[in-house]
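Residues per chain, in single letters:
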Amino acid sequence: MKQAPFIAVEGPIGAGKTTLASMLAEELNLPIIKEIVDENPFLAKFYENMDDWSFQLEMFFLCNRYKQLEDTVTQYIDKGNPVISDYHIYKNLIFGERTLNGTKREKYRQIYHVLTDDLPKPNIILYIKANLDTLLTRIEKRGRPFEEGMDTAYLEQLIKDYDDAMASLAIQEPSTVIITIDGNAVDFVENPEHFTEIVSYIKELMK
Ligand SMILES: Nc1ncnc2c1ncn2[C@@H]1O[C@H](COP(=O)(O)OP(=O)(O)OP(=O)(O)O)[C@@H](O)[C@H]1O
Ligand SMILES: Nc1nc(=O)c2ncn([C@H]3C[C@H](O)[C@@H](CO)O3)c2[nH]1
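Looking at an unreviewed UniProt entry, one finds the chain named Deoxyguanosine kinase, with Paenibacillus pseudetheri as its source organism.

**Q** Any chance you could explain the nonpolar core here in plain terms?
**A** Buried together is how nonpolar side chains tend to be arranged in soluble globular proteins. Of all hydrophobic cores here, the largest spans 60 residues; its most connected members are Ile13, Leu20, Leu24, Ile84, Leu126 and Tyr154. No other element matches helix H7 (residues 152-172), which puts 8 residues into this core. Not counting residues up to four positions away in its chain, the partners in contact with Ile84 are Ile7, Val9, Ala21, Leu24, Ala25, Leu30, Pro31, Ile32 and Ile33.

**Q** Could you clarify how one ought to interpret the packing of aromatic side chains in this entry?
**A** The description of two aromatic rings rests on the distance between their centres and on the angle between their planes. Inspection of the entire model under this criterion finds 7 aromatic pairs. Considering the side-chain rings of Phe42 and Trp53, the 5.9 Å spacing of their centres and the 25° angle between planes classify their relative orientation as stacked. One end of the pair, Phe42, is in the loop between strand E2 (32-33) and helix H2 (43-48); the other, Trp53, is in helix H3 (residues 50-75), with 11 residues separating them in the sequence. Every member of this aromatic cluster is reached through a ring pair, and the members are Phe46, Tyr47, Phe146 and Tyr154. Geometry around Trp53 places Lys45 over its ring, the cationic atom sitting 5.3 Å from the centre. Lying across the ring of Tyr87, Arg65 places its NZ or CZ 5.2 Å from the centre.

**Q** Teacher, can you tell me more about the site of ligand 2 here?
**A** Every one of the 15 residues lining ligand 2 counts as a neighbour, but Glu35, Tyr47, Glu58, Arg65 and Glu147 are closest to it. In this structure, a nitrogen atom belonging to ligand 2 sits 2.7 Å away from a side-chain N or O atom of Arg65. Contact distances for ligand 2 include 2.4 Å between an oxygen atom and a side-chain N or O atom of Glu147. When isolated, ligand 2 has an accessible area of 410 Å², and the protein chains bury 96% of it. When residues of the shell around ligand 2 are traced back to their parent elements, those giving at least two are H2, H3 and helix H4 (91-99). Residue contributions to the shell around ligand 2 peak at 4 residues, all from H3.

Calculation notes
- Residues numbered from 1 in each chain as written.
- Chains lettered and ligands numbered in written order.
- Predicted model: local features only at pLDDT ≥ 70, side-chain atom pairs only at ≥ 80, totals over all residues.
- Heavy atoms only, no water.
- Core = buried A, V, L, I, M, F, W, Y, C linked by side-chain atoms within 4.5 Å.
- Buried < 20%, exposed > 50% of the residue type's maximum accessible area, 1.4 Å probe, protein only.
- Helix = DSSP H or I, 4+ residues; strand = E, 2+ residues; numbered from the N terminus.
- Contact = heavy atoms within 4.5 Å.
- Phe/Tyr/Trp six-rings, centres within 6.5 Å; stacked < 30°, edge-to-face > 60°.
- Lys NZ or Arg CZ within 6 Å of the ring centre and 35° of its normal.
- Near = heavy atom within 4 Å.
- Polar contact = N/O pair within 3.5 Å; in protein donor to acceptor, adjacent residues only side chain to side chain.
- Areas by Shrake-Rupley, 256 points an atom, 1.4 Å probe, with all protein chains shown as cover.

Okay, structure coming up:
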């Protein structure tokens with residue numbers, strides 16, 4: 001049987017993933033899976049000292065997302081029901097490859113594959129691509145204290161990492177539909193027509 005639509009919204013920090021996923025969930029009446037941010041005990045520490053806290057942080061994200069993915073599969077995918085998420089578990093590799101080094105990176109890679117290789121993954125990805133200025137403006141607008149001094153080189157690198165990751169996902173999983181949204185020009189928050197266009201596109205794909 002063809003897998004039910006499993007939609008993931010992706011993009012670098014502050015691109016608007018949670019915003020778009022929440023708007024689509026409401027419009028299309030879909031259950032939504034959201035990233036755990038506030039209860040993350042390592043995030044603030046990580047932004048203070050990335051080298052010291054990266055492994056703990058990446059493992060925390062991975063364990064949480066693994067649990068959420070397992071639940072998503074049993075509760076929705078196995079039952080043939082569509083679902084939307086404000087991330088793709090692959091983002092663990094995008095961040096892990098960037099923040100970890102040496103043996104920790106290798107161990108983390110292996111754990112990622114052991115945990116996730118046999119699980120269904122999103123079959124539709126909405127990739128919000130945005131430049132540094134747009135991301136910094138949105139991060140500032142959201143105002144999370146621990147993101148205040150965000151290293152622009154880190155963010156700029158992540159923008160490139162996301163581009164590379166989407167290109168390699170397109171090769172690794174050719175059946176996954178990846179829709180790239182120009183997050184600088186397309187404003188689904190302020191412009192209802194832009195949002196309607198995205199909704200029509202998704203509805204077509206879900207038929
Ligand atoms: N298209 C948009 N136009 C203007 N503001 C936006 C747009 N999309 C999101 N925002 C605002 O930008 C901020 C970041 O959005 P959001 O939290 O959805 O990003 P995110 O990609 O989920 O972030 P993170 O990577 O940290 O999880 C929020 O304050 C949100 O209201
Ligand atoms: N290092 C690292 N690895 C991840 O897997 C990851 N996922 C999200 N984040 C950061 C981005 C936002 O600040 C905040 C909310 O998305 O958490 C991550 N940081």
